[in-house]
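# Observations on the model geometry
Listed below, chain by chain, are the residues.
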Amino acid sequence: MCTAVSIATGIVLAVVWNTVVDRLWPDRLVLGSGIFILSLGFSTFVTGAVGLVRGPGLRLPPWDMPSWAFGNANFGIPSAYGFISGLAACCGLIIWSRTRLGFAFDLWAQNQVFAIEIGISRRMLLIGTGISTGTLVGVAGAYGALANGSTPESGLSLFLYGAGAALLLPKPLLLSSLQGGLVLGILLVLAQLLISPSLATVVVFGAVASALLFRGTSRVSQGLR
Amino acid sequence: MNFSLILLTSTCLFATAGLSCAYLYRRLGLVSVGHGAMLGTGAYTYAILASHGFPFAINVLVTLVSTCVFAAGITCLSERAVGEDYALLTFAIQLMWSGIIANWTALTRGPMGISGLGTGPSFRAFEPLYLWAPLSAILAAASFWAVHRQELGWFPRNTAVVARSSELASTIGLSPLLSRFQVGVVSGALAAGAALLLTLFQTYVSPSSYGIEVGVTILAIGFFALRGNLGRILLGSVLLVLVPQLARFAGLQSSRAGYLQMLIAGAVVCLMAKPSLGRHLEN
């Protein structure tokens, strides 16, 4: 029930947010920097609003969670939920990216002018991507709250990881964002296990910064004339 | 009286930091989310040196140099990453900076920060706040004047070419990297001034004082700086610094007042991004 509410909230917010950004630039094409800065502002606003209303601090789920013994390991509900729902969400995204709407989204991300020329509907994209991203955000948010508890800053942290995953790999494709997220997730876990949990963020964002600098986006670094 | 001076000092120093952020955008079209780290570098440099007993003049000089070098280094990275990638890059640098500062306990004393720094030079019976408040106001006004004065010279023309196209700049004999370095040094100098006075005035530093929230707050004040004169910058600073402080004074919990600042900063970024950055956000 809680997960369903989380996903529904994610979908509503994503569709509304897509529509707001679209209304800001009704006749023109929007660059990634516009969406990034607006999303950063909105995430900060939501964090501030949540913190102001409920106050600071960590809140954990109140119920006792049973665990499942498997060999020498104990799987708790959050781990099982994270594994199953994360896998289902990834599979769903892969299938969705192979549909007409998924291809339309990828084309829009690569070349907005061409996408408009061949008749891809902006409204259809707004709703379609809102539903898919809202579902993913709802699943990730519910897992974060279940496994680690929630703080007002949780959303802002997820936004940071999401932005890093989306921009880590050079191709503006849905599956590249998924791959970027997997790379960052694996790196985060490895850094937590092998180095230190408190330094994991430094390692992950060090990797993001290195990737951005290595591939480069300026015209000089891409060698365009 | 003292509370009013504290508010005035904070407002003026954050206005200077916002001006530093806006300067990067004006000259090179770069949106920096990592100005908290820039300010924090200056603050920590001074705090570490002061806690080791170095003379005040040396501390000030090294703080200026280190902040300028840090700022110039980050600005030069725009040779490789632009647009949203540069914003994300500064974001990543900000988070890495916070992580390193919070974990390098031998040097920075970790999350607790460095406190009891004193007020720099000895003032005997004189209340230091009476000096920091007018100095902060002078710094904000002088920074604004210097930035506007600079817009009349040759430098803005060079950086305008670099911002438009590095290849074009190279073709007409300009060095894009040098121009970026110069812009970074100026931005860093403004941030260093603000950081130095902020540290002297607060007498402590901690990682949470220069986190990502501070970066977003400075960005929001920077949007005001992009929209007009010193009055507007101060208005932005008043909105983002003064309102949460007044709410705290009126009885709002201290931690909740911090969230109020985040709420206002987020709203300002959302509402002013389009009118302030305009053409850079459109294709």
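Provided above is the structure to which this section pertains.
Overview of the structure.

Calculation notes
- Residues numbered from 1 in each chain as written.
- Chains lettered and ligands numbered in written order.
- Predicted model: local features only at pLDDT ≥ 70, side-chain atom pairs only at ≥ 80, totals over all residues.
- Heavy atoms only, no water.
- 1 Å grid on protein atoms, 1.4 Å probe; cavity = no way out; pocket = protein on both sides within 12 Å on 5 of 7 lines; lining within 4 Å.
- Points joined across faces, edges and corners; volume = space filled by probe spheres on them.
- Helix = DSSP H or I, 4+ residues; strand = E, 2+ residues; numbered from the N terminus.
- Nonpolar A, V, L, I, M, F, W, Y, C, P; charged D, E, K, R; others polar.
- Buried < 20%, exposed > 50% of the residue type's maximum accessible area, 1.4 Å probe, protein only.
- Polar contact = N/O pair within 3.5 Å; in protein donor to acceptor, adjacent residues only side chain to side chain.
- Contact = heavy atoms within 4.5 Å.
- Patch = residues over 30% accessible without salt bridge, like charges linked within 9 Å, V, L, I, M, F, W, Y side chains within 5 Å.
- Areas by Shrake-Rupley, 256 points an atom, 1.4 Å probe, with all protein chains shown as cover.
- Salt bridge = Lys/Arg side-chain N within 4 Å of Asp/Glu carboxyl O.
- Buried area = accessible area lost by both parts, 1.4 Å probe.
- Expected span 1.5 Å × (residues − 1).

## As for the layout of surface pockets
Residues and elements named next belong to chain B. Approximately 260 Å³ is the volume attributed to the second largest pocket. For the second largest pocket, the lining is made up of 13 residues, of which T41, F70, W97, I100 and I101 are closest to its centre. For the lining of the second largest pocket, the elements supplying multiple residues, two or more each, are α2 (35-51), α4 (83-103) and α5 (105-108). Ranked by residue count, the leading element in the lining of the second largest pocket is α4, at five residues. Considered class by class, the residues forming the lining of the second largest pocket number 10 nonpolar, three polar and no charged.

## Here's the deal with the side chain of B:S136
Residue and element names in this part refer to chain B. Along the chain, S136 falls in helix α6 (residues 129-150). Given the relative accessible area of 0%, S136 is considered buried. Among the polar contacts made by the side chain of S136, one reaches the main-chain carbonyl oxygen of W132 at a distance of 2.6 Å. Ignoring anything within four residues of it in the chain, the contact list for S136 reads T9, C12, L13 and L197.

## As for a nonpolar patch on the surface
Taken together, the side chains of A:L182, A:I186, A:V189, A:L190, A:L193, A:L194 and A:I195 define a hydrophobic patch exposed on the protein surface, amounting to about 730 Å² of accessible area. Its place among the elements puts A:I195 in the loop between α8 (174-194) and α9 (200-215).

## So, the interface of chain B and chain A
Counting from both sides, the interface comprises 47 residues of chain B and, opposite them, 54 residues of chain A. Both faces considered, chain B and chain A share a buried interface measuring about 4,400 Å² in area, 72% of it formed by carbon and sulfur atoms. Our count for the chain B to chain A interface comes out at zero salt bridges. The interface formed by chain B and chain A holds six residue pairs in polar contact (both at pLDDT 80 or more) in total. Listing elements by their share of the side of chain B that touches chain A, those giving two or more residues are α4, α8 (166-171), α10 (212-227) and α12 (254-277) of chain B.

## Here we look at empty space enclosed by the protein
Residue and element names in this part refer to chain B. By the definition in use, this model includes two cavities of 30 Å³ or more. Here the largest cavity is characterised by a volume of approximately 50 Å³. What lines the largest cavity is a set of 11 residues, and nearest its centre among them are C21, Y25, L219, F223 and L226. Contributions of two or more residues to the lining of the largest cavity are made by α1 (2-28) and α10. The class makeup of the residues in the lining of the largest cavity is nine nonpolar, two polar and no charged.

## A few points about the side chain of B:S143
Residues and elements named next belong to chain B. Along the chain, the position of S143 falls in helix α6. For S143, a relative accessible area of 4% puts it in the buried group. S143 has contacts with T16, L19 and L190, leaving out every residue within four places of it along the chain.

## Some thoughts on helix α9 (residues 176-202) of chain B
Over its 27 residues, α9(B) runs 38 Å from end to end, which matches the ideal 39 Å to within 8%, given 1.5 Å per residue. The positive-phi residue at the C-terminal boundary of α9(B) is B:T203, with phi of around 60°.

## A look at unusual backbone geometry
Residues and elements named next belong to chain B. Phi is positive for R109, close to 65°, though the residue is something other than glycine. Structurally, R109 can be placed in the loop between α5 and α6. Positive phi, normally seen in glycine, also occurs at T203, with a value near 60°. Among the structural elements, T203 can be located in the loop between α9 and α10.

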